[in-house]
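# A structural walkthrough
Here's the letter readout for the chains.
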Amino acid sequence: MSYLLSKKRQLDGETQTQLVTPESANWRYVGFEAHQLKAGESVTVQTGTDEVCAVILSGKANASTQHEAWQNLGDRMSVFEQKAPYSVYSPAQDEICIEAITDVEVAFCKAPGKGGFKAKLISPEQCQYETRGVTSNTRHVCNILFGNEPADSLLVCEVITPSGGWSSYPPHKHDTDAAPAETQLEETYYHKIDPPQGFAFQRVYTDDRSIDETMAVEDGDLVMVPEGYHPVGVPHGYQSYYLNVMAGPSRHWIFHNDPDHEWIIERDKQL
């Protein structure tokens, strides 16, 4: 199994299904954890030196930080409903508590925080939802904590890729701190598959092929992208969802396309 692939796991009596830290990933910025809660269960995450964005992936929940609280959040029972989620942002030295009203899946997206912003609710209306691409490169993108909302270092978005399609494609990378040409951003992909017994493929590779990993990802798996290009392909009959978390030295998403495949962009403009 690839060292870039974190398989879903859930021990008896625990809610956590994924946990990636900068230490476990051998990088500096991005942390991630996912939990599946049954109605009535709760989970609290201390932010410490991080800022955290808790994304309610599915279900209804109450949420609170040390000084704020929100009730009955959640407007989708599946990430594949093509509705933007409710999310809660919390700065460093705070906490986020999620209390499940129905069964809930929640993701905690983490990156270094400076305490520059207050805790807040990010409603679906504050997200930016758009469809990009054509034919088999069509994907539906929702920016949760991107250019739509300020933060210290976190960038969070989600993508649905239809059956038989590709996304994060043509392949691009963002691993060089060279703005305005490119920025350095670590990234995680938290994958969901519909129907859930399916799978998708993700390749992570660098120009010199010092990294060249191709992974079959299943529902609830996570892929780490420390550097390199990272396209996703979805088999016929299934559709893919993934939640992206990015962070790096600066909070700007400037990517560089693989020159071998950049011609596809110009070709698609004619379609």
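Residues numbered from 1 in each chain as written. Predicted model: local features only at pLDDT ≥ 70, side-chain atom pairs only at ≥ 80, totals over all residues. Heavy atoms only, no water.

### Structural notes on the overall build of the protein chain
We apply this condition: Counting from the N terminus, the helices are DSSP H or I runs at least four residues long and the strands are E runs at least two residues long. With C-alpha atoms as the basis for the radius of gyration, the globule rule is written as 2.2 Å multiplied by the number of residues raised to the power 0.38. Relative accessibility decides the category of a residue: with a 1.4 Å probe and only protein chains considered, values under 20% of the type maximum give buried, values over 50% give exposed, and everything between is partly exposed. Here a residue-residue contact requires only that any non-hydrogen atoms of the pair lie within 4.5 Å. The Shrake-Rupley method, run with a 1.4 Å probe, gives the accessible areas here. Residue values count only the displayed protein chains as cover.
Check the secondary structure of the protein chain and you find two helices and 25 strands. Rg of the C-alpha trace for the protein chain: 18 Å, near the compact-globule value of 18 Å for 271 residues, within the 12% margin. Across its three principal axes, the protein chain shows a C-alpha extent of roughly 50 × 40 × 35 Å. Relative to its 271 residues, the protein chain shows a buried fraction of 55%. Of all intrachain contacts in the protein chain linking residues separated by at least 6 positions in sequence, the fraction that spans at least 24 positions is 73%. Carbon together with sulfur atoms contributes 49% to the accessible area of the protein chain, which is approximately 11700 Å² in total.

### Side note on a negative patch on the surface
Applicable threshold: A patch is a set of surface residues, each over 30% in relative accessible area and not in a salt bridge, joined within 9 Å for like charges and within 5 Å for the nonpolar side chains Val, Leu, Ile, Met, Phe, Trp and Tyr. The term salt bridge refers to a pairing of a side-chain nitrogen on Lys or Arg with a carboxyl oxygen on Asp or Glu at a separation within 4 Å. When charges are counted, Lys and Arg are positive and Asp and Glu negative, with His and the chain ends excluded. A charged residue contributes its charge at one atom only: NZ of Lys, CZ of Arg, CG of Asp or CD of Glu.
A contiguous patch of negative charge, built from Asp207, Asp208, Glu227 and Asp260, is present on the exposed surface. Residue position: aspartate 208 is located in the loop between β20 (199-205) and β21 (212-218).

### So, the pattern of salt bridges
Across all of its chains, the model carries 15 salt bridges by this definition. Two residues, lysine 110 and glutamate 33, come together in a salt bridge whose shortest N-O distance is 2.5 Å. Within this pair, whereas lysine 110 is found in strand β10 (residues 104-112), its partner glutamate 33 is found in strand β3 (residues 31-37), the two being separated by 77 residues in sequence. Side by side, lysine 110 and glutamate 33 carry an identical accessibility label, which is buried. Between lysine 192 and glutamate 105 there is a salt bridge, and its shortest N-O distance comes to 3.0 Å.

### A few points about the environment of lysine 7
With respect to the helices, strands and loops of the structure, lysine 7 is situated in the loop between β1 (5-6) and β2 (16-20). Spatially, the C-alpha atoms of lysine 7 and leucine 19 are 10.0 Å apart, while their sequence positions differ by twelve residues. Look past the residues within four positions of lysine 7 in its chain and what remains in contact with it is Met1, Thr17, Gln18, Glu218 and Asp221.

### Some details on the sheet that holds strand β7 (residues 69-73)
Quick reminder of the rule: Paired strands are those between which DSSP finds at least two bridges. Every angle, taken between N-to-C directions, lies between 0 and 180 degrees, and every axis is a line fitted to C-alpha atoms, over only the stretch in contact when it is a helix.
Pairing is antiparallel across the open sheet formed by four strands, whose spatial order is β4-β9-β6-β7. Taken across any chain shown, the strands that pair with only one partner, and hence form the sheet edges, are β4 (42-46) and β7. Across the sheet, the mean angle separating the axes of adjacent strands is 15 degrees when strand polarity is ignored.

### Brief notes about the sheet that holds strand β15 (residues 166-167)
The strand order across the open sheet built from four strands is β15-β23-β20-β21, with neighbouring strands paired in antiparallel fashion. Both outer strands of the open sheet, β15 and β21, are each paired with one neighbouring strand and no more. Summarising the sheet, β15 and strand β23 (residues 232-233) pair through two bridges and their orientation is antiparallel. Residue tryptophan 166 lies in a different strand from β23, and its bridge partner there is glycine 233.

### Comments concerning the packing of aromatic side chains
Rules: Aromatic rings from Phe, Tyr and Trp, with only the six-membered ring used for Trp, were paired whenever their centres fell within 6.5 Å, and each pair was classed as stacked if the ring planes differed by under 30 degrees, edge-to-face if by over 60, and tilted otherwise. Only Lys NZ and Arg CZ are tested; either one counts as a charge over a ring when it is within 6 Å of the ring centre and within 35 degrees of the ring normal.
Counted by the stated rule, this structure contains eight aromatic pairs. Seen in terms of ring centroids, phenylalanine 32 and tyrosine 190 are 5.3 Å apart; in terms of plane orientation they differ by 40 degrees. Their pairing is tilted. With phenylalanine 32 in strand β3 and tyrosine 190 in strand β19 (residues 186-194), the pair connects residues that are 158 residues apart, well separated along the chain. You can call tyrosine 190 buried: its relative accessible area is 0%. For the pair phenylalanine 80 and tyrosine 241, a centre-to-centre distance of 6.3 Å together with 70 degrees between the ring planes defines the contact as edge-to-face. You can see phenylalanine 80 sitting in the loop between β7 and β8 (87-90) and its partner tyrosine 241 sitting in strand β24 (residues 239-247), a full 161 residues away along the chain. Relative accessible area serves as the criterion here: at 0%, tyrosine 241 is assigned to the buried category. Through pairs of rings, three or more aromatic residues link up here, namely Phe146, Trp253 and Phe255. Positioned over the ring face of tyrosine 89 is lysine 120, at 5.4 Å from the centre of the ring.

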